[in-house]
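Analysis of the macromolecular model
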Amino acid sequence: MAEKNIPMREALRAALREEMIRDERVFVMGQEVGAWDGTHKVTRGFLDEFGARRVRDTPISEMAIAGAAVGAAMAGLRPVAEIMTINFAFLAFDALINHAAKVRYMFDGQFKVPMVVRAATGWGNQATATHSHTPEPIFAHFPGMYLGCPATPADAKGMLKAAIRDDNPVLFTEVIALYPKPGPVPDDPDFVLPIGKGDIKRAGEDVTIVTYGRGVEWSLDAAETLAREGVSCEVIDVRWLRPLDLPLIFQSFKKTNRCVIVEESLPFYSFGSEIAAQLQEHMFDYMDAPIKRVSAMDVPLPYAKEIELMALPDAHKVVAAVKEII
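Here's what I pulled together on the structure shown here. No experiment lies behind these values; they were computed from the predicted model shown.

Reading guide: rules and limits
Residues numbered from 1 in each chain as written. Predicted model: local features only at pLDDT ≥ 70, side-chain atom pairs only at ≥ 80, totals over all residues. Heavy atoms only, no water. Pairing = 2+ DSSP bridges. Helix = DSSP H or I, 4+ residues; strand = E, 2+ residues; numbered from the N terminus. Axes fitted to C-alpha atoms, helices over the stretch in contact; angles between N-to-C directions. Contact = heavy atoms within 4.5 Å. Patch = residues over 30% accessible without salt bridge, like charges linked within 9 Å, V, L, I, M, F, W, Y side chains within 5 Å. Areas by Shrake-Rupley, 256 points an atom, 1.4 Å probe, with all protein chains shown as cover. Salt bridge = Lys/Arg side-chain N within 4 Å of Asp/Glu carboxyl O. Buried < 20%, exposed > 50% of the residue type's maximum accessible area, 1.4 Å probe, protein only. Phe/Tyr/Trp six-rings, centres within 6.5 Å; stacked < 30°, edge-to-face > 60°. 1 Å grid on protein atoms, 1.4 Å probe; cavity = no way out; pocket = protein on both sides within 12 Å on 5 of 7 lines; lining within 4 Å. Points joined across faces, edges and corners; volume = space filled by probe spheres on them. Nonpolar A, V, L, I, M, F, W, Y, C, P; charged D, E, K, R; others polar.

Another point: the sheet that holds strand E4 (residues 78-85). The strand order E3-E2-E4-E5-E7-E6-E12 describes an open sheet built from 7 strands, whose pairing is mixed. In this open sheet, the two edge strands, each paired with only one partner strand, are strand E3 (55-57) and strand E12 (240-242). With direction set aside, neighbouring strand axes in the sheet form an average angle of 20°. As judged from the 5 bridges shared by strand E2 (residues 26-30) and E4, these two strands associate in the parallel manner. Its bridge partner lying in E4, Gly30 is registered against Glu82. The sheet strands contacting helix H1 (residues 8-22) are E2, E3, E4, strand E5 (116-121) and strand E7 (170-175), and the helix crosses E2 at an angle near 130°.

Below, the structure is given as structure tokens:
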């Protein structure tokens, strides 16, 4: 399979473009997706190629964007709605959770909601507390909607294509810090990664590191550092918070008997809490050490750069956590 080395934003753009060519029911909508090529340039050139009927600039109203996407999906289209950053998805919470995630069940399967909501996520870059959320675990709490967060350009392409083709609503979050980072991406327009399947980003024997999104980068950096000290880490990228690939995590934990969970989000009622609970409940007999968690500190993110970095996870904190349990 031919590959090309491109940034994540270009991989996402390729996925969207290929799906719009493949299926005329697919259209994009959101603030600045057309005339301004998208805030993060994922829809660059789409307005000229597909026209205003399929590339729709919307008012600055996240509730209107998400609500219109739900209606369009119920009517038989396949909208891909962009919410500029996930911080503003809270304004669309009712449309996403009370409608998109529940319509199929409320109407006993008479309607389906094949829609995707794309949202940039992640802390950092001195965007301050109100613009620096990584709240995927909040949305993953609710059944009825899938939630994906790719860590590499190839995953971004394959996962987004799967999301667009699926008949269920999907919240698809894209880490802002990963947009410019390149990686090999298959050219194949039918390259699709299955929903709900994680990936072993690095094989190892001593410790399982479970993570997603930007945490994959920190975990791989930490694993490389630890390898030079004789510690072999297996890095599991769950890719999807819902459905969650628990069998992959359990399989790795049976081998290593130790686990560090790495997430960019906050520590309370979190992704890390859920993984730790699942391991304690189902894998207790294999546990040789306490489960450690690495996350952002439990504070609204400060503005000052040095304090901001102190509040965020990084590879050094992952290394320290692994060393505590070996």
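The discussion continues.
The next point concerns a nonpolar patch on the surface. A cluster of nonpolar side chains, contributed by Met297, Val299, Ile307 and Met310, occupies part of the molecular surface with about 340 Å² of accessible area. Structurally, Met297 is set in the loop between strand E14 (292-294) and helix H11 (305-311). Under the relative-accessibility criterion, Met297 is labelled partly exposed at 39%.

Let us now look at the packing of aromatic side chains. Inspection of every chain in the model, using the stated rule, returns 7 aromatic pairs. Summarising the aromatic geometry, the rings of Phe46 and Phe50 are spaced 5.6 Å apart at their centres and angled 75° between planes, so their arrangement reads as edge-to-face. Of this pair, Phe46 and Phe50 both sit in helix H2 (residues 46-50), 4 residues apart, which is roughly one turn of the helix. An aromatic cluster is present here, built from Phe90, Phe93, Phe139 and Phe142 joined pairwise through their rings.

For the rest of this paragraph, the subject is the layout of surface pockets. In this model, the largest pocket occupies a volume close to 360 Å³. Lining the largest pocket are 14 residues, and of these Pro137, Ala140, His141, Ser270 and Glu274 lie nearest its centre. Contributing elements (two or more residues each) for the lining of the largest pocket: helix H6 (136-140), E12 and helix H10 (271-282). Per-element accounting of the lining of the largest pocket gives the leading share, 4 residues, to H10. Residues belonging to the lining of the largest pocket are distributed by class as follows: 8 nonpolar, 4 polar and 2 charged. Volume-wise, the second largest pocket comes out at about 180 Å³. What lines the second largest pocket is a set of 13 residues, among which Thr134, Pro135, Ile138, Ser265 and Leu266 lie closest to the centre.

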